[in-house]
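Secondary and tertiary structure notes
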Amino acid sequence: MLTYIYKLIDKNQGSISISDFMNAALYHKEYGYYMSKLPLGKDGDFITAPEISRLFCEVIAVWVMHTWEELGKPSKFSLVELGPGKGTLIHDVIRVARKYNDFFDSVSVHLVEISPALQKIQKEKLKDLDINWHENIDSLPKRPAIFLANEFFDAFPIDQFVYRNGEWYENRVTKKDNGASLQCLTLESRKKDGVIPAPLSRYPSAFFLSFPPPLSSKAADTEVQKKESCVLASATQMTNRKLFDGAVVEVCSAGIEIIKRLEEKIYNSKGAALIIDYGYVYPEYKSTLQSVKQHKYANFLENVGNSDITALVNFQALRDSLKHVDCEILTQREFLYLFGIKERTQTLMKNASDEQKNRIFGEFLRLTENMGTLFKAMLIHHL
């Protein structure tokens, strides 16, 4: 993998963008982390909510069935999961759905998965179900669809831009000491031509201020007006403020493109999407890139091709990209409470042993407290 990265760097005048680096490290057909490794589970590098507890999956099932009812109970609809991992979430959603004949008879399950290694695991886990696999959403049938995407958007490649002394720089990956060091790769900030890097000018939501700018001469009279005064700052405003020296802005072009394609599917055929991931609505203007190896944080420039690389999801940027559908952003805790995790936990604990009660309650706390606010739930629908 490093040899391949080196060649990319050499072909691009000594450096490549972070997004090009992540694309190679994660998705190269032969060496990419997601294409050849089995990242999930206790024996892998990280664990996701469906693997933590069935509580999570059962609440998702409740949301799916509720949404199906809101759609008017179509006689045939597609249930689509993007990046289904080991297939645990869709397996448990269907387990719950089997109890409701009308719903179960109407559902057609589709999984969007590009990893041969993970697809093999999914086919084994879901061998008793009628599943359709896809490499992308373009080949999905034209009918109402409900989409699920849990920890899917965080793995899309990002670019990073840094503001220093009134000028923009891009963080790029280059060879350290010409590849002679043990730590072979490093980040280098390179000045961009022009005032505003092109990707930033296309995504103004990247500049969501964490503080309100000065109010207009007419004071805001209502709380709504006060909130509205905390508007998106333009790139020009940002470049004129010394306050932003050292600020890091991350742009995920791939995530924006995917959300737009999802919107098109939902708008044209009716449907909904539930996107759950760790991320933010109001950025702190710092790097959120992280790498995980065997459940421990690592340097994302090391163990290339053998460790996970992700970044926090900018949910505001995703929402700003939607033009024709309704959208709401909650914390994971709010979403899980809204669709009954507390009541389901209480039911499970009624006839449980003390050991089982401790396990169930521990899983409940992990989902609603430990992960509850860092993770967001984005609900999109066109009913």
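Here the structure is shown first, and the text comes after it.
Anyway, here's the lowdown on the structure attached to this text. This one's a predicted model, so the numbers in the text were calculated from it and none came from an experiment. (Residues numbered from 1 in each chain as written. Predicted model: local features only at pLDDT ≥ 70, side-chain atom pairs only at ≥ 80, totals over all residues. Heavy atoms only, no water.)

1. Remarks on the overall build of the protein
Applied cut-off: Secondary structure elements are taken from DSSP: a helix is a run of H or I of four residues or more, a strand is a run of E of two residues or more, and numbering for both begins at the N terminus. Exposure is judged per residue with a 1.4 Å probe applied to protein chains only, and the accessible area is read against the type maximum: over 50% gives exposed, under 20% gives buried, and values in between give partly exposed. Two residues qualify as a contact provided that any one of their heavy atoms is within 4.5 Å of a heavy atom in the partner residue. Note that accessible areas follow from Shrake-Rupley with a 1.4 Å probe, and for residues the cover is restricted to the protein chains shown.
Helix and strand counts for the protein come out as 16 helices and 16 strands. Taking all 383 residues of the protein together, the buried fraction comes to 52%. In the protein, the share of contacts with a sequence separation of at least 24, taken over all contacts with a separation of at least 6, comes to 77%. A total accessible area of about 19000 Å² is found for the protein, and carbon and sulfur atoms account for 48% of it.

2. A look at the environment of Phe-104
Looking at the element boundaries, Phe-104 is found in helix α7 (residues 101–106). A relative accessible area of 26% means that Phe-104 is categorised as partly exposed. For the pair formed by Phe-104 and Ile-94, sequence separation is 10 residues and the distance between their alpha carbons is 7.7 Å.

3. Details of the packing of helix α5 (residues 54–70) against helix α15 (residues 341–350)
Condition: Geometry is summarised by axes, namely lines fitted to C-alpha atoms with helices restricted to the contacting stretch, and by angles between N-to-C directions that run from 0 to 180 degrees. Roughly parallel means an angle under 35 degrees; roughly antiparallel, over 145; roughly perpendicular, 65 to 115; everything else is oblique. In a left-handed crossing the near helix is turned counterclockwise from the far helix by less than a right angle, and in a right-handed crossing that turn is clockwise. All residues other than Ala, Val, Leu, Ile, Met, Phe, Trp, Tyr, Cys, Pro, Asp, Glu, Lys and Arg, Gly among them, are scored as polar; the first ten of these are nonpolar and the last four charged.
At a minimum axis distance of 10 Å, the contact between α5 and α15 shows a crossing angle of 130°. Judged by the inter-axis angle, α5 sits oblique to α15. The element α5 and its partner α15 pack so that their crossing is right-handed. Facing α5, whose interface residues are Leu-55, Glu-58 and Val-59, α15 presents Ile-341, Arg-344, Thr-345 and Leu-348. Split into classes, the residues belonging to the contact of α5 with α15 amount to four nonpolar, one polar and two charged.

4. What about the sheet that holds strand β12 (residues 296–298)?
For clarity, the cut-off: Only when DSSP finds a minimum of two bridges between them are two strands counted as paired.
Strand order in the open sheet made by the three strands is β12-β11-β13, with antiparallel pairing throughout. Each edge of the open sheet carries a strand with a single partner, namely β12 and β13 (308–310). Strand-to-strand, the axes of this sheet are offset by a mean angle of 35°, without reference to chain direction. Sheet analysis places strand β11 (residues 290–293) next to β12, joined by three bridges and oriented antiparallel. Directly across from Val-292, in β12, lies its bridge partner Tyr-297.

5. Brief notes about the nonpolar core
Our working definition: We define the nonpolar core as a collection of buried residues of types Ala, Val, Leu, Ile, Met, Phe, Trp, Tyr and Cys that are connected through side-chain atoms lying within 4.5 Å of one another.
Residues Ile-60, Trp-63, Leu-79, Leu-274, Phe-335 and Leu-367 are the most contacted members of the largest nonpolar core, which totals 47 residues. Looking at which element gives the most residues to this core, the answer is α5, with 10 residues. Excluding its chain neighbours within four sequence positions, the residues that come into contact with Leu-367 are Ala-49, Ile-52, Ser-53, Leu-55, Phe-56, Gln-332, Leu-336, Ile-341 and Gly-372. Of all hydrophobic cores here, the second largest spans 28 residues; its members include Ile-137, Ile-259, Ile-275 and Val-325.

6. Considering the packing of aromatic side chains
Inclusion rule: The criterion for an aromatic pair is that two Phe, Tyr or Trp rings (for Trp, the six-membered ring) have centres within 6.5 Å, with stacked assigned to planes under 30 degrees apart, edge-to-face to planes over 60 apart and tilted to the rest. Placement of a positive charge over a ring is assigned whenever Lys NZ or Arg CZ falls within 6 Å of the ring centre and within 35 degrees of the normal to the ring plane.
Per the stated rule, a full pass over the model turns up 13 aromatic pairs. Ring plane angle 40° and centroid distance 5.1 Å describe the contact between Phe-335 and Phe-339, whose orientation is recorded as tilted. According to the relative accessible area criterion, Phe-335 is buried, its value standing at 0%. Judged by its relative accessible area of 15%, Phe-339 falls in the buried class. Three or more aromatic residues joined by ring pairs form one cluster here, namely Tyr-27, Tyr-33 and Tyr-34. Here the basic side chain of Lys-175 rests over the ring of Tyr-6, its NZ or CZ set 5.1 Å away from the ring centre.

7. Notes on helix α16 (residues 354–370)
Given 3.6 residues per helical turn, the α-helix brings residues three or four places apart onto the same face. In plain terms, the rule: A helix's residues, less one, multiplied by 1.5 Å, set its expected span. Comment: arc refers to directions from the helix axis out to C-beta atoms.
Taking 1.5 Å per residue as the helical rise, α16 with its 17 residues ought to reach 24 Å, and the 22 Å between its terminal C-alpha atoms agrees with that figure. Listed in full, the buried residues belonging to α16 are Ile-360, Glu-363, Phe-364, Leu-367 and Thr-368. All buried residues of α16 project into a common sector of 115° when viewed along the axis, lining one side. More than 90 degrees from the buried face of α16, the exposed residues found are Asp-354, Glu-355, Asn-358 and Asn-370.

8. Looking at the pairing of strand β6 (residues 159–164)
Each regular strand displays side chains that alternate between the two surfaces of the sheet. For β6, the tally of buried residues reaches five of six residues, placing the bulk of the element in the interior. Bridging between β6 and strand β9 (residues 247–251) involves five bridges; their strand directions are antiparallel. Looking across to β9, one finds that Val-162 is bridged to Val-248. Pairing between β6 and strand β7 (residues 167–175): five bridges, direction antiparallel. Bridging across to β7, Gln-160 finds its partner in Asn-171. Hairpin connection from β6 to β7: two residues lie between these consecutive antiparallel strands, with Asn-165 at a positive phi of about 50°.

9. Some details on the pattern of salt bridges
How we decide: We define a salt bridge as a contact between a side-chain nitrogen of Lys or Arg and a carboxyl oxygen of Asp or Glu at a distance within 4 Å.
Evaluated as defined, the whole model comprises 12 salt bridges. With its nearest N and O atoms 3.0 Å apart, the salt bridge here joins Asp-10 to Lys-175. Of this pair, Asp-10 sits in helix α1 (residues 2–11) while Lys-175 sits in strand β7, and the two are 165 residues apart along the sequence. Each of Arg-54, Glu-58, Asp-92, Arg-95 and Arg-344 takes part in one network of salt bridges that share partners.

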